[in-house]
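If you want the building blocks of each chain, they are given just below.
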Amino acid sequence: MAGGHLPLLLKGRLAPRCHPSAARLGPFLALRPLTSLIYPRLAHRNARSYSTIPNENPGVAAETDAKGIKVKDWENNLDRRLEGFDDLPDRNFGLNQHIPFDAEFKEALKQVPWQFRAPIRYAFAYGSGVFPQSESKGKVPTDEELRAIHPNAPAAIRRHQDGTPKMIDFIFGVSHTQHWHSLNMKQHRSHYSALASLGSGAVSYVQDKWGAGVYFNPYVVVNGILIKYGVVQLNTLEQDLTQWDTLYLAGRLQKPVKILRDDPQIRLANQMNLISALRTALLLLPPRFTEEELYSTIAGISYLGDPRMALPTENPSKVKNIVGNNMANFRRLYMPLIETLPNVEYNDPGCNEKDWVWGGQSMKLVQDMDPIKRGNMVRRLPKAFRSRLYFQYQKKFAIPQLEFDQMMHESKTEDSVSFKRQEGGGFEQRIAQDGTEELQKYIRTVIKQTISWPATTQSLKGPITSGLSKTWRYLAEKRDKYRVGRAAEAAADAAGAAGAADAAKADKAETKDEEKK
């Protein structure tokens, strides 16, 4: 593995090992064959590869699907007019988004959307109630503690949350927000605040016009489980995933989530979102880095401009906790995409270990800092996000407005139907050569600009959409998490200081002993 290649199992050159992996995967095997857990074509010798660049071997014809499109070049030859999953570049396209799960817990989550008569086309569960952000302590909650959160939760929920019951977060993607709220208000009027008394038109207006286009109903009980669900129009979700207009939901989907209902259009859009997050992280990282650094950079994208991180309402160690306790899930999500990029690879002796892909150890990676390849990554960032980055560098490089306008006009070839990824030119290469620190600064500035206003207005509309009492409860819980996080940080700092002091004393004593000798 020192050469940086993925295990042969992941490349599809060997048949999968059943018995060693089965012991470690446990309940995951009941959900999906081992061959599809990480990489779609593991059991086939001639696996299809999903690259983001044109065929690197001009003398060798790229593999094509039934439509004659190069599967390897799915980003360059993408038609986003999909009618079903059969229209995706491959039948296993995007399966990395489906994180393996305990079958009973998954079934308990899947039952929640079925309790809504209003049609839900896409749904996922996310957050600490689904993916723990701390190590298991083996605590068993009392019946009173459990009922205080989940009045009548299924046994699978109780087991999965490991003695610390938490509200479970959902996002529902719907076709028409006003129609959906109209139906849902008839069935679940108690889920809504006083705003619903003005009708579904007012509710949908506040959802679509304020913030990031999401309407949250927190602290509602469905199937005996305390949940918070957000409603978003599918067009809004797709736009954010492909263009990074707000990064509000795109940022959530850049971390492991549990998809409960899938949609081909959203699966395609989210694959574009994930590979964009990977490219952005690579632009922010040095030539050598670890998986933990990579996934922490990706997970931190959506928090850079979030006003809650600047207030005492979020655990300051949130990103560290998310990644540290979900390393294997991040690897399942991003490893197939890392394998497709020509400028990054694993370079760690630990990758020679048997079944290392299922473990939680952070492996080392390297990336090629060639300005042409990094310029291509800049050119292939989401359109709205890339335009903001270009504007920053127009100011820095003092590019005349006419020349800049011409450059922006050329980028309009990326319309709403085709999604052509063009090669980076001199401007993109100049950006890539700006120096690591300068590029990091400008990318972070653009991320903050993208997130700050939508996230702020989304938070400000909380008292209107959720009501004052639920908003106050939510803020109180966030403040408690902040205090717990700060206390944990202080304890860790104290332990580190004590360890350093003990080491210094030991060194001093050793020095004295040597002087005596």
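The name given to the protein in an unreviewed UniProt entry is Phosphatidate cytidylyltransferase, mitochondrial, with the source organism recorded as Lasiosphaeris hirsuta. Among the UniProt annotations of the protein, the heading Sequence similarities (unreviewed entry) holds the following wording: "Belongs to the TAM41 family." Check the Subcellular location (unreviewed entry) section of the UniProt entry for the protein; it says "Mitochondrion inner membrane".

So, about the overall build of the protein. Regarding its fold elements, the protein presents 20 helices and eight strands. Counting the 517 residues in the protein, one finds 53% classified as buried. Considering only contacts within the protein whose residues lie at least 6 apart along the sequence, 73% involve residues at least 24 apart.

Turning our attention to the pattern of salt bridges. Applying the stated criterion to the full structure yields eight salt bridges. Among the ionic pairs, Lys396 bridges to Asp434, the shortest N-O distance being 2.8 Å. Residue Lys396 is found in helix 15 (residues 383-397), and its partner Asp434 is found in the loop between helix 17 (426-432) and helix 18 (436-460); the two are separated by 38 residues along the sequence. The partly exposed category is assigned to Lys396, whose relative accessible area is 31%.

Before going further, it helps to spend a moment on the packing of helix 10 (residues 264-284) against helix 18. Helices that pack against each other are described as a pair by the angle of their axes relative to one another and the distance between those axes. At a minimum axis separation of 9 Å, helix 10 and helix 18 run at an interaxial angle of 140°. Our classification of the angle between helix 10 and helix 18 gives oblique. Facing Thr280, Leu283 and Leu284 of helix 10, the residues of helix 18 in contact are Leu439, Gln440, Ile443, Arg444 and Ile447. By residue class, the composition of the contact of helix 10 with helix 18 is five nonpolar, two polar and one charged.

If you walk across this open sheet you meet the five strands as 3-4-2-1-5, and the pairing is mixed. Of all strands in the sheet, those bounded by a partner on one side alone are strand 3 (214-222) and strand 5 (258-261). In this sheet, neighbouring strand axes are inclined to one another by 25° on average, regardless of whether the strands run parallel or antiparallel. Where strand 1 (residues 122-126) and strand 2 (residues 168-174) come together, five bridges link them in antiparallel fashion. Directly across from Phe124, in strand 2, lies its bridge partner Ile171. On top of the sheet, helix 7 (residues 200-209) reaches strand 3 and strand 4 (225-233); it is set at about 75° to strand 4, its chief contact. The sheet contacts of helix 8 (residues 234-243) involve strand 1, strand 2 and strand 4, and relative to strand 4 the element is tilted by about 80°.

In terms of burial, helix 11 (residues 291-301) is largely enclosed, as eight of its 11 residues are buried. All of the buried residues along helix 11 are Glu291, Leu294, Tyr295, Thr297, Ile298, Ala299, Gly300 and Ile301.

What counts, and where the lines are drawn
Residues numbered from 1 in each chain as written. Predicted model: local features only at pLDDT ≥ 70, side-chain atom pairs only at ≥ 80, totals over all residues. Heavy atoms only, no water. UniProt positions renumbered as here; feature names shortened; annotations may be inferred. Helix = DSSP H or I, 4+ residues; strand = E, 2+ residues; numbered from the N terminus. Buried < 20%, exposed > 50% of the residue type's maximum accessible area, 1.4 Å probe, protein only. Contact = heavy atoms within 4.5 Å. Salt bridge = Lys/Arg side-chain N within 4 Å of Asp/Glu carboxyl O. Axes fitted to C-alpha atoms, helices over the stretch in contact; angles between N-to-C directions. Parallel < 35°, antiparallel > 145°, perpendicular 65-115°, else oblique. Nonpolar A, V, L, I, M, F, W, Y, C, P; charged D, E, K, R; others polar. Pairing = 2+ DSSP bridges.

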